[in-house]
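Topology and contacts: notes
Given next are the chains, with one letter for each unit.
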Amino acid sequence: MERRSNLIKQLDWTTILLYLVMVVCGWFTIYAACYDFEHPSLLDFSMRHGMQLVWIFCALALAVVILLIDSKFYNNIAYIFYGAMILLLIVTIFISPDIKGSHSWIKIGSFSIQPAEFAKYATALCLARFMSRFEFDMQKTRDILSIAAMILLPMAIIVAQSETGSALVFVSFLLMLYREGLNGLVLVLGFVAVVFFVVVLRFNNLPVEAGMNPPIEDYGYLLVFIGVALFAAFMLLRYTRDRICIRTLVLTNVGIYAVAALVRVFKPEWLRFTDAGFVCMGVSTLLLFVWSLVKRRKSYALIGLLFVATVGLAFSVDYAFDKVLEPHQQIRIKIVLGLEDDPQGAGYNVRQSQIAIGSGGFLGKGFLNGTQTKLNYVPEQDTDFIFCTIGEERGFIGTFFVIALYVTLIIRLVIMAERQRSSFSRIYGYSVASIFFFHFVINIGMVIGIVPVIGIPLPFFSYGGSSMWGFTLLLFTFLRLDANRMEILQQQ
Amino acid sequence: MARYASKQDYKQRSQGVIVFVLLIAVLFVVRLFYLQVIDSSFKDSADSNAFLHKTIYPSRGLIYDRNGKLIVSNQPVYDIMLIMREMYDFDTISFCKTLGITRAEFDQRIADIKDRSKNPSYSRYTPQVFMSQLSGEEYGRLQEHLYRYSGTFVQQRVLREYAVPHGAHAIGSIGEVSREQIEEDSYYKRGDYKGQSGIEKTYEQQLRGQKGTEILLRDVHGRIKGRYRGGERDIAPVAGKNVTVGLDMDLQTYGEELMAGKLGSIVAIEPKTGEILALVSSPSYDPSLLVGRKRSDNYAKLLADPHKPLFDRPMMAQYPPGSTFKLVQALAMQQEEIINPSTSFPCYQGYYYTRSRKLGCHSHYSPLDLPSSIQHSCNAYYCYCLRNLLDNHLSKYGSVDSAYDAWRNHVCSLGFGSKLEVDFPNEKGGQIPTSEMYDRIYGKGYWRSSTIISISIGQGEILATPLQTANLAAVIANKGYYYTPHILKAVEGDSIDIKYRTKHYSSIDPKYFDVVQEGMARAVSMGTARIGRIDSIPFCGKTGTAQNPHGKDHSIFIAFAPQDDPQIAIAVYVENAGFGATWAVPIASLMIEKYLKGSISPNRQYLEQRMLEAKLYEE
């Protein structure tokens, strides 16, 4: 009895309140999204809002059960649970029915469960257990490889289930790893690679207006090459302070482009600026390697490698885009980059969802008055595109409120994670915050057209039992750990 | 311990994480603010997606005659509408089969819809008329199949239905708006109907009502899911106002029957109000010919008819008024004190206006005073009058021109020389020449009574419409004033235009009318029009014959009845029928008797029979 009242006192009620507000708002949004003019009943279990109510009550029961279990339990079962989850994921591939090409659902009677939603939870626990070992060291290659394997294994299986969206969620662990001491350069390089990818794709494939000649230059490459040259100059300044080298490098580059420009004035068919760009990269690399030998310093050569890597990456972008990505993924990316406009086909979702949100205006059209969503113009409007309904019916006020809710929740989770005395709880807490953040960024970004369409749910808003339970499990396990944060300290 | 400390070192990274989260949130909020508050284009896209603005056509006002008899009502018809953008998986072949049209017709209709020169307001997003005016029966057959063709729906409209096949010219018809009309008035859309002639045209504003709009919600598959906000934003159509016209439909019908087989017109006016009781233009046609899909075919046929049934003779045909104009002369000359009732002039079978040139007259005793000159329609009398006016009173007027102008002013005050401004389209004004016109033709000072002698008996350059001569009868009946003739008697919930309730006084003193009335009464009882005498109704009339350079003269008669309390003023024109008395007088007298008594007395039924059966032209 004492223990239970203690637990109630220790629980972080702010987070629970946030959770409840989200769940309730989510339910009303689902009610609005699948509102049918012919079936206005609130409690109709043939309708999705009726079913969602069932999922919500199950989730609440689940939450209570989680809170009642001893917090050490989660640490203890982490590996077993992870192993079992991997097995389940593999089994799913074979026993799942084909639902729009995806093999990620297990059918039990009339219910379907998506194990991928729970794999995040298992991986978060597993990582927390592994990384909270005393001998764990983020700098040790072995440990890093172990972590990478833990993350990549479920990811690979989920990709094999054709649920690329759910697999990408595992990328979110990078944020947690960063907090735990992952070299910031990894994140920066990842970010640079994304920018690289986007710039090359965007500017190498400039949309061609009718009657215009396609561009002869690969502007994407040019932009990247010039950017890298400037970056290299910056690095030289920062690490060597060798002004002569910088001046030589910049002058060589400018000189080559100037010669190219001169040639193009008289004989435009002889060469392209893109060719000049490649020459620049080669000459710059050579220059830095020679300089490195002369000055007997490694830094020059390392910066020179940057140029080599850039050229390599530049060539691989097109290859990766064409060969690795599926056609539907290619087109989703092209739509976000504005390279392709297909309002009836692949761009339909994004276009209609933006119309829905945009038509909401500042105050929205009012509850149940959204025409875009009510009349099924937005596909998946109660699952992945649920945010549209909020935008249309509640306007900017509504969308701002939802974003504020998420930001509050995520920052609250970060703060809570930081106050943990046990590294298991902290790492797990960061994982939870990272997963919520990833879902938030990708889902809302996709709906408002700044991220390619990746089908992952908006936690607590999107319809679906699996995701509702998965996120409840994630959140309440952390709440349970948080409630015990003093006890663990006392034990140590 | 060092390792533990190094782990703790990363604590500051939490701030980086929080900043990153906030940055993304700010990016999202900015993007949402742009989408939702700044860029308004999405609102229109959503509306055009979701709302189907369906026009609801109001019922057009009904038309009643003066006795409350319904003459024009509405019948529902159905238009098949297409929304081009929504025609997915359209099975053209079976669609054509359902509608009973060929593929070529289908393509032609689609091409017409898309042709912006024919259909300026074309848009892929709005409903376009594909096929119009299906009857209720045809619609019934189609209804069950139409759901299969996405982007199609049926719109109800109303067409006119006529109780009797008469009065086509007076009532007029409605027809699809032309491109020019759409450009003129944005109220109309392609396929809309508008009054194109008659009172349907004049009173379009009152009759048409206001179109309404129903806002329906349409889902992504084009299915109608209900009304937007339960119909709260719908605009209900306002039904057109019912109107009552002054026409007496029985009299109108009788008039058309009497004129069957003859070319010409009848105009009957109630002198006390100016309301037009009957407006017959012969040959006439059944107004229901110009309704619905057969309209254009029938219209072309009527247009090609050599007897010009579409020509609205009472308003548009301009004839020399002939001897009926002597009444005008009698009034104007008295007013100018050229003559008085007892002034007499000799007639030697005519009038010698030069030594050798004579304007002939028929045989009657001589000399005649004013009433007798009307009774016998003496030509010479009025020639003397004109000569006295123009040639013998130079001391009074100073010049021929000013004498003529004084006379002309009187004529015009009686409703001649310009449009009466009836509530009717296409009215013509007739012609009373001005002195300037004669100055131009003959030279100033080079013309006198002998030059223009034929105007004294209503020939020559004088032109008047049947309406104007009927109005003359009304002025004489009223002894000096008239109301502008009009067809509209009353509009539901509205009063008729003030100009139809205003008396127009002529410049003739009322005292001069008595003698003219007496002459007209004698013309009927024992003069030129005695064939039309009705024993029970003493009435006044004047025959006329309009010279026709193209063939036999036109027979004219104007009259009003009864003499002491005029109820009806009438003008009858029968083209190519010769002397006025032969055809126009009997027809007018039968009209008068029919209107005042309701039936024709037995001793005159032979006359009625003769008139009904006469065919004066080859069909």
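Residues numbered from 1 in each chain as written. Chains lettered and ligands numbered in written order. Predicted model: local features only at pLDDT ≥ 70, side-chain atom pairs only at ≥ 80, totals over all residues. Heavy atoms only, no water.

Observations concerning the overall build of chain B
Within chain B one finds 23 helices and 20 strands. Every one of the 619 residues in chain B was classed for burial, and the buried ones make up 57%. Carbon together with sulfur atoms contributes 51% to the accessible area of chain B, which is approximately 26,100 Å² in total. (Helix = DSSP H or I, 4+ residues; strand = E, 2+ residues; numbered from the N terminus. Buried < 20%, exposed > 50% of the residue type's maximum accessible area, 1.4 Å probe, protein only. Areas by Shrake-Rupley, 256 points an atom, 1.4 Å probe, with all protein chains shown as cover.)

Topic: the overall build of chain A
On a plain count of helices and strands, chain A comes out with 20 helices and 2 strands. Out of the 492 residues in chain A, the part that is buried amounts to 52%. For chain A, contacts bridging at least 24 residues in sequence account for 69% of all contacts bridging at least 6. (Contact = heavy atoms within 4.5 Å.)

Quick look at a nonpolar patch on the surface
There is a patch of nonpolar side chains on the surface, built from Phe362(A), Leu363(A), Ile397(A), Phe33(B), Tyr34(B), Val37(B) and Ile38(B) and spanning about 650 Å² of accessible area. Looking at the nonpolar patch element by element, the count peaks at 4 residues for helix α2 (residues 13–38) of chain B. Structurally, the position occupied by Tyr34(B) is in helix α2. Assessed through its relative accessible area of 39%, Tyr34(B) is described here as partly exposed. (Patch = residues over 30% accessible without salt bridge, like charges linked within 9 Å, V, L, I, M, F, W, Y side chains within 5 Å. Salt bridge = Lys/Arg side-chain N within 4 Å of Asp/Glu carboxyl O.)

Observations regarding the interface of chain A and chain B
The parts lose accessible area when they come together, and the size of an interface is often stated as this lost area. The interface of chain A with chain B comprises 55 residues on the first partner and 37 residues on the second. Both sides together, the interface formed by chain A and chain B hides about 4,200 Å², and carbon and sulfur atoms give 66% of it. Its largest share of buried area at the contact with chain B, chain A owes to Leu375(A), Tyr377(A) and Phe396(A), together 13% of the area lost on that side. Across the contact surface, chain A and chain B share 1 salt bridge. The partner of Glu418(A) in a salt bridge is Lys11(B), with the nearest N and O atoms 3.5 Å apart. (Buried area = accessible area lost by both parts, 1.4 Å probe.)

Re the nonpolar core
Met131(A), Phe387(A), Ile403(A), Tyr428(A) and Phe440(A) are the most contacted members of the largest nonpolar core, which has 127 residues in total. Broken down by element, this core gets its largest block of residues, 17 residues, from helix α17 (residues 386–418) of chain A. Excluding residues within four positions of it along the chain, Phe387(A) makes contact with Ile357(A), Thr399(A), Val402(A), Ile403(A), Asn443(A), Ile444(A), Val447(A), Ile448(A), Leu458(A) and Leu32(B). The next biggest cluster of nonpolar side chains, apart from the first, holds 103 residues, and it includes Leu370(B), Cys385(B), Ala464(B) and Ala473(B). (Core = buried A, V, L, I, M, F, W, Y, C linked by side-chain atoms within 4.5 Å.)

Some details on the packing of aromatic side chains
Each aromatic ring pair is described using two quantities: the centre-to-centre distance and the angle formed by the ring planes. Applying the stated rule across the entire model yields 47 aromatic pairs over all chains. Judged by centre distance (5.9 Å) and plane angle (70 degrees), the ring pair of Tyr221(A) and Phe278(A) falls under edge-to-face. Placement of the pair is Tyr221(A) in helix α10 (residues 219–239) and Phe278(A) in helix α12 (residues 273–295), with a sequence separation of 57 residues. The structure contains a cluster of three or more aromatic residues connected by ring pairs, namely Phe325(B), Tyr404(B), Trp407(B), Phe416(B), Tyr438(B), Tyr442(B) and Trp447(B). Lying across the ring of Phe130(A), Arg133(A) places its NZ or CZ 4.3 Å from the centre. (Phe/Tyr/Trp six-rings, centres within 6.5 Å; stacked < 30°, edge-to-face > 60°. Lys NZ or Arg CZ within 6 Å of the ring centre and 35° of its normal.)

Looking at the pattern of salt bridges
Side chains that differ in sign of charge can pair as their charged atoms come close. Counted by the stated rule, this structure contains 35 salt bridges over all chains. Across the salt bridge formed by Arg272(A) and Asp275(A), the nearest N and O atoms sit 3.7 Å from each other. With a closest N to O distance of 3.7 Å, Asp439(B) and Lys444(B) form a salt bridge. One connected set of salt bridges, linked through shared partners, spans Asp12(A), Arg412(A), Arg419(A), Asp482(A) and Arg485(A).

So, the sheet that holds strand β12 (residues 276–282) of chain B
Residue and element names in this part refer to chain B. The sheet built from 5 strands is open, its strands ordered β12-β11-β20-β19-β18 with antiparallel pairing. Lying at the two open borders of the sheet, with one neighbouring strand each, are β12 and β18 (540–546). On average, adjacent strands in this sheet sit at an angle of 5 degrees to one another, irrespective of strand direction. Alignment of strand β11 (residues 264–269) against strand β20 (residues 568–574), held across 6 bridges, turns out to be antiparallel. Across the sheet, Ile 266 pairs through a bridge with Val 572, a residue of β20. Where helix α20 (residues 466–478) meets the sheet, its contacts fall on β11, β12, β19 (554–561) and β20, and the angle it forms with β20 comes to roughly 150 degrees. Its contacts with the sheet put helix α21 (residues 513–526) on β18 and β19, and the angle it makes with β18 is roughly 75 degrees. (Pairing = 2+ DSSP bridges. Axes fitted to C-alpha atoms, helices over the stretch in contact; angles between N-to-C directions.)

Things to note about the pairing of strand β4 (residues 128–134) of chain B
The side chains of a regular strand alternate between both faces of the sheet. Residue and element names in this part refer to chain B. Burial within β4 is extensive, with 7 of its 7 residues counted as buried. In this sheet, β4 lies alongside strand β3 (residues 70–82) in antiparallel orientation, the contact comprising 4 bridges. Along β4, the bridge assignment pairs Ile 80 with Met 131.

Considerations on helix α16 (residues 379–391) of chain B
Residues and elements named next belong to chain B. The end-to-end C-alpha distance of α16, which contains 13 residues, comes to 18 Å, matching closely the 18 Å that a straight helix rising 1.5 Å per residue would cover. Within α16, 12 of the 13 residues are buried, which leaves the element mostly enclosed by the surrounding structure. Buried within α16 we find Asn 379, Ala 380, Tyr 381, Tyr 382, Cys 383, Tyr 384, Cys 385, Leu 386, Asn 388, Leu 389, Leu 390 and Asp 391. In this structure, the buried side of α16 is in contact with α14 (325–335), β13 (350–352), β14 (358–360), α15 (370–376), α17 (394–397) and α18 (400–413). (Expected span 1.5 Å × (residues − 1).)

Side note on unusual backbone geometry
Residues and elements named next belong to chain B. The amide bond that connects Ser 366 to the next residue, Pro 367, takes the cis arrangement and shows omega of -5 degrees. If you trace the backbone, Pro 367 turns up in the loop between β14 and α15. Backbone torsion omega between Ala 561 and Pro 562 reads -15 degrees, so that peptide bond is classified as cis. When you line up the elements, Pro 562 lands in the loop between β19 and β20. Of note in the backbone geometry, Ser 377 takes a positive phi value of approximately 55 degrees without being a glycine. Mapped onto the secondary structure, Ser 377 falls in the loop between α15 and α16. Judged by its relative accessible area of 4%, Ser 377 falls in the buried class. With a phi angle near 55 degrees, Lys 479 is a residue other than glycine that sits in the positive phi range.

Quick notes on the confidence of the model for chain A
Averaged over all residues, the pLDDT of chain A is 84; the fraction at 70 or higher stands at 92%. Confidence scores differ between elements of chain A, with helix α20 (residues 485–491) of chain A showing the lowest mean pLDDT of 61 and helix α18 (residues 423–447) of chain A the highest of 94. (pLDDT = per-residue confidence, 0-100.)

Some thoughts on the packing of α18(B) against helix α19 (residues 435–442) of chain B
All names here are of chain B. The interhelical angle for the contact between α18 and α19, taken along N-to-C directions, is 140 degrees, at an axis separation of 9 Å. One finds that α18 runs oblique with respect to α19. Where α18 approaches α19, its residues Asp 401, Tyr 404 and Asp 405 are matched on the opposing element by Ser 435, Tyr 438 and Asp 439. When the residues that make up the contact of α18 with α19 are grouped by side-chain class, the tally is 2 nonpolar, 1 polar and 3 charged. (Parallel < 35°, antiparallel > 145°, perpendicular 65-115°, else oblique. Nonpolar A, V, L, I, M, F, W, Y, C, P; charged D, E, K, R; others polar.)

Some thoughts on the environment of Ser377(B)
Separated by 13 residues in sequence, Ser377(B) and His364(B) place their C-alpha atoms 9.4 Å apart. Not counting residues within four places of it along the chain, the set of residues in contact with Ser377(B) comprises Ser323(B), Lys326(B), Cys361(B), His362(B), Ser372(B), Thr528(B) and Lys542(B).

Notes on the packing of α18(A) against α2(B)
Where α18(A) contacts α2(B), the axes come no closer than 11 Å and their chain directions differ by 20 degrees. Classified by the angle their axes make, α18(A) and α2(B) are roughly parallel. By crossing handedness, the relation of α18(A) to α2(B) is classed as left-handed. Only Ser14(B), Val17(B), Phe20(B), Val21(B), Ile24(B) and Phe28(B) of α2(B) make contact with α18(A), whose side of the interface consists of Tyr430(A), Phe437(A), Phe440(A), Val441(A), Ile444(A) and Gly445(A). (Left-handed = near helix turned anticlockwise from the far one by under 90°.)

Some details on α20(B)
All names here are of chain B. With 13 residues, α20 extends 18 Å from end C-alpha to end C-alpha; this agrees with the ideal 18 Å at 1.5 Å per step. The buried fraction of α20 is high, at 13 of 13 residues. Phi for Lys 479, located one or two positions after α20, is positive at around 55 degrees.

Here we look at the pairing of β18(B)
All names here are of chain B. The buried fraction of β18 amounts to 7 of the 7 residues, a majority that puts the element mostly inside the structure. Going residue by residue along β18, you find Cys 540, Lys 542, Gly 544 and Ala 546 tucked away on one face and Gly 541, Thr 543 and Thr 545 tucked away on the opposite face as well. Summarising the sheet, β18 and β19 pair through 7 bridges and their orientation is antiparallel. Considered in β19, the bridge of Gly 541 is made with Ala 559.

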